[in-house]
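Inside the fold
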Amino acid sequence: MLTDSNTMASPVLPPPRSETGVVGRMRANLFNSRFNSAMTVLAVIVIALALWFGLGWILVDADWTVISTLGGRMIIGQYNIEAACPGQNCFWRPQAGLLLVTLVLGMAWQVAGGGVTKRIALAVAGVAAAFAFLPYAFSQMGLDVRLLLLANLPALAVGWSLARYTKLGTASWTAILSVTAFVLTLVLLRGIPGVPFLQPVSVIFWGGIMLNLMLAVAGIGLSFPIGIALALGRRSELQVLKLLCIVFIETFRGVPLITLLFMSQVLVPLAFPEDFPQNSLMRAAIVITLFSSAYMAENIRGGLQSLHPGQAEAARALGLPGWQTMLFISLPQAIRNVIPPIVGQFISLFKDTSLVYIIGMLDVVEISRAFIQGNPEFLANAKELFIFLALVFWVFTYGMSYVSRRVEQHLGVGER
Amino acid sequence: MPTLLRYLSYQGVPIWRNVYAIQWVSQIASGILVVVLVAWFFVNIGNAIQERDIPYGFGFLSREYQTPIGQHFLDYKSSDTFLYAFVVAATNTIVISIIGVALATALGIFVGVCRMSSNWIIAKAALVYIEFFRNVPLLVQLFFWFYIVLALPPVREGYVISQRFYINNAGISVPWPAVNDAGMAVTWLLTAAVAVVLGWAVHSRLTRRERNTGTPSNSQAWGIATAASIGAVAWLALSVAGDGSPFVISQPEPQGTFGRISGGFTAPGGMIALLIGLVTYTASFIAEIVRAGVQSVGRGQTEAARAVGLSALSTLRNVTFPQALRVIVPPMISQYLNLTKNSSLAGAIGYSDLTNVAKTMTQTAPAVSIFIMIMAAYLAMSLTFSLIGNLYNRHIRFNAS
């Protein structure tokens, strides 16, 4: 009886109030020891002071007009100045390129069936369209510019419908069309001699964030396959091939990119015959791609090393030839294992595109610096400009790492 | 025909389907292709040199450089040779790299530990720091710091802290030891080196005794005491024997009508911006490496350490960290290399590092030779860093203890 009453008398009690809810969580996380409480108080004071002065500076003291003064030059550089495009207004060409991009993004959205692709597509088209409603710098942005920006929304819809209602709605078509869109954008920007409304624009006038993005896209698209090839070469049993790959990788990894870029301007022109078609932007793109693929190769090699040899052995035992084993068994798993470092390399490639200043290209960072140097009245506002630039880069890079996390979730890394 | 096929076959497999033959032929072909390509480049460069009358060779190295270098840690004047100027520039890069590596390691470990704190606010603050600094191009950060430094007041209106520290747009001036008597200074430095070695010997001997017998010994305190006392005695002896101490503290002082600071050590604005930028940027990567390393140590290790009564700090220092180091060191080495290479951005904010000086040199010297030298210099630095790092790595690996 006694035992019975004991068990009867103790129903499951809820945890004490001090252990649950906001108070409980704060006790457990912020005030669980004397030292921790002191740290919390200190951190709160520091953060509060930083917010107080930071917000005060951002809202009251900072003069953000430097950004609107620079305006569109941060986006397309000097592409639309008179010297670049004499007698014509060339502003529509980068805009048409952007429209092509949103079109392909719309297709990708439909093909991927929503998810992270949908968010990217909506974000790109939405931001582009939102630019049309910018209140300031009316003088710089005519109605035509604003309408072309707004056209990104219908372009997205057209792309989506193309994928939905025609036979183009497959992953391979989207891939082919995105490469086509990139090449078309390049052709649009470069111009075609002889075509009246597409007069050539020298690459020295390309600039702004447009230049950074194009270098990054080309670099990412090309350095990935080259990196895989180099990684396979370095693991190959063919000694000559292996040696060549090692020399290539270690040389490019041992020297700063800025040195390579600089030398690509001084030395590479000498290494080709004088009539060889080349320009500074092309050389920069090639150097950035090769530099990045050397790092990419090491990441992928790490991924290949992390695979159990049993995987390849099993594939060979099932009768797959060597190249199919590599392509369908080893590489997919290896790449899946090293998604974070690969995306990290993509991010640093994007950040490294700001180094083209060394060859005199006016990317978004260099055009800002040159603007400050040319307009000393804005010297005191350089802080604002570079904080803004930092935020712009941060949005892109953080977006990339967000996508990588989603892809990893999708592929179930760490679960299988 | 069948006879020919038989000659070209091995065990019934024709030569064009023999794996070894294919491999060898393709290897030789690719090797030849690369050699031909490289040779073609060199022929083209040679032609260009002849046609356009471009200087070449390494004869320029003994010529006078005749260009000023902004900052230099070694003595330098414009009449020095190209070779010496190159060394001066390389020293600038090396000094920045060493200071940067030390500071970035300290800050990175601090932020990494904060990131793992159980305190929500501190962990999130560290996360914001990491996510911000490593996602923004270093160049943007450098420009930001550079313009902050430039926005400091001019020399005459600069900040002065207790007549010893001067902060203005020319840089930061601090008191710095200056050599009083060269002979005495060298003697004392040599003695100090011996003192450090002796202190280390005492420390390791006491540690070994403690490990073997269990007798507690304050090995660290004794080691430091040994080194410090020998150093101090030598200092006193030298001061008494000669006139004045081997080193004196040189105080920065404003001079003349423009208030230019002389004496002490002045770190120019470009160098400060470069250091702040490099350190905060690299620290954000190091913090993540530290976190990954510490998290790779099993929870059981920490729990066991706490269960036997070690404090949280002691657990981190004596149990978690030594084990985490094995995971931390290899990626840390590559971060150090990255810092060294990233210091080549210095040119953008007016610090005379190796790349910046070499870039200026190409205006008066053959670019091909400069390119070879600069490649060699950076590769040598990278290899030295890797070598030191790998030696340390071997020291802390499992089998070493």
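All of these numbers come straight from a predicted model, not from anything done at the bench. (Residues numbered from 1 in each chain as written. Chains lettered and ligands numbered in written order. Predicted model: local features only at pLDDT ≥ 70, side-chain atom pairs only at ≥ 80, totals over all residues.)

1. Regarding the overall build of chain B
Looking only at helices and strands, one finds 12 helices and 10 strands in chain B. Taking 2.2 N^0.38 as the reference for a compact globule, 401 residues should give roughly 21 Å; the C-alpha atoms of chain B span a radius of gyration of 29 Å, well beyond that estimate. Each principal axis of the C-alpha atoms in chain B carries an extent, and together these give about 100 × 65 × 50 Å. Expressed as a percentage of its 401 residues, the buried residues of chain B come to 31%. In chain B, of all internal contacts separated by at least 6 residues, the share reaching a separation of at least 24 is 63%. (Helix = DSSP H or I, 4+ residues; strand = E, 2+ residues; numbered from the N terminus. Rg over C-alpha atoms; globule rule 2.2 N^0.38 Å. Buried ≥ 20, exposed ≤ 12 C-beta atoms within 10 Å, placed from the backbone. Contact = placed C-beta atoms within 7 Å.)

2. Points about the nonpolar core
Counting residues in each nonpolar core, the largest one holds 140 residues, and the members touching the most others are L261(A), L139(B), V140(B), L142(B), F143(B), L274(B) and I349(B). With 15 residues, the single largest contributor to this core is helix 8 (residues 269–296) of chain B. In this structure, V104(A), A121(A), A163(A) and A181(A) belong to the second largest nonpolar core, which totals 22 residues. (Core = buried A, V, L, I, M, F, W, Y, C linked by C-beta atoms within 7 Å.)

3. Some details on the environment of S97(B)
Residues and elements named next belong to chain B. Looking at the element boundaries, S97 is found in helix 3 (residues 82–115). By the C-beta count within 10 Å, which is 21 here, S97 ends up buried. C-alpha of S97 to C-alpha of V194: the two residues are 97 residues apart in sequence and 27 Å apart in space. Ignoring anything within four residues of it in the chain, the contact list for S97 reads L339, T340 and S343.

4. Let's talk about the domain arrangement of chain A
Residues and elements named next belong to chain A. Segmentation of chain A into domains returns domain 1 (47–84 + 204–416) and domain 2 (87–201). If you average the C-alpha positions of domain 1 and of domain 2, the two centres end up 22 Å apart. Taken together, the contacts link 13 residues of domain 1 with 10 residues of domain 2. For the side of domain 1 that touches domain 2, the secondary-structure elements that each account for two or more residues are helix 11 (208–235) and helix 20 (382–411). Taken together, the residues that form the side of domain 1 that touches domain 2 break down as eight nonpolar, four polar and one charged. (Domains from an automatic or database assignment. Nonpolar A, V, L, I, M, F, W, Y, C, P; charged D, E, K, R; others polar.)

5. Comments concerning the interface of chain B and chain A
Listed per partner, the contact involves 43 residues of chain B and 44 residues of chain A. In terms of residue count, helix 2 (residues 19–51) of chain B provides more of the side of chain B that touches chain A than any other element does, nine residues in total. The residue makeup of the side of chain B that touches chain A, split by class, is 27 nonpolar, 13 polar and three charged.

6. Regarding helix 12 (residues 367–396) of chain B
Here helix 12 of chain B contains 30 residues, and its C-alpha end-to-end distance of 43 Å stays within 8% of the 44 Å for a straight helix at 1.5 Å per residue. Residues A367(B), V368(B), I370(B), M373(B), I374(B), A377(B), Y378(B), M381(B) and S382(B) constitute the buried set of helix 12 of chain B. Taken together, the buried residues of helix 12 of chain B touch helix 12 (239–254) and helix 13 (257–266) of chain A together with helix 2, helix 3, helix 10 (312–342) and helix 11 (354–361) of chain B. (Expected span 1.5 Å × (residues − 1).)

7. Some points on the UniProt feature "transmembrane region" (unreviewed entry) in chain B
All names here are of chain B. According to UniProt, the feature "transmembrane region" (unreviewed entry) maps to residues 21–43, 82–114, 126–148, 182–202, 222–241, 261–281 and 368–392 in the numbering used here. In this annotation, residues 82–114 is assigned 100% helix and 0% strand; the end-to-end C-alpha distance for the span is 47 Å. Annotated as residues 261–281, this span is 62% helix and 29% strand, and its ends, taken at the C-alpha atoms, are 30 Å apart. (UniProt positions renumbered as here; feature names shortened; annotations may be inferred.)

8. Quick notes on the sheet that holds strand 4 (residues 165–168) of chain B
Residue and element names in this part refer to chain B. A sheet is described by the order of its strands in space; here four strands give the open sequence 3-4-5-10, paired in antiparallel fashion. The open sheet terminates on both sides in strands that have one partner only, identified here as strand 3 (159–161) and strand 10 (265–268). Neighbour to neighbour, the strand axes of the sheet diverge by 10° on average, direction disregarded. Here strand 5 (residues 171–174) pairs with strand 10 via four bridges, running antiparallel. (Pairing = 2+ DSSP bridges. Axes fitted to C-alpha atoms, helices over the stretch in contact; angles between N-to-C directions.)

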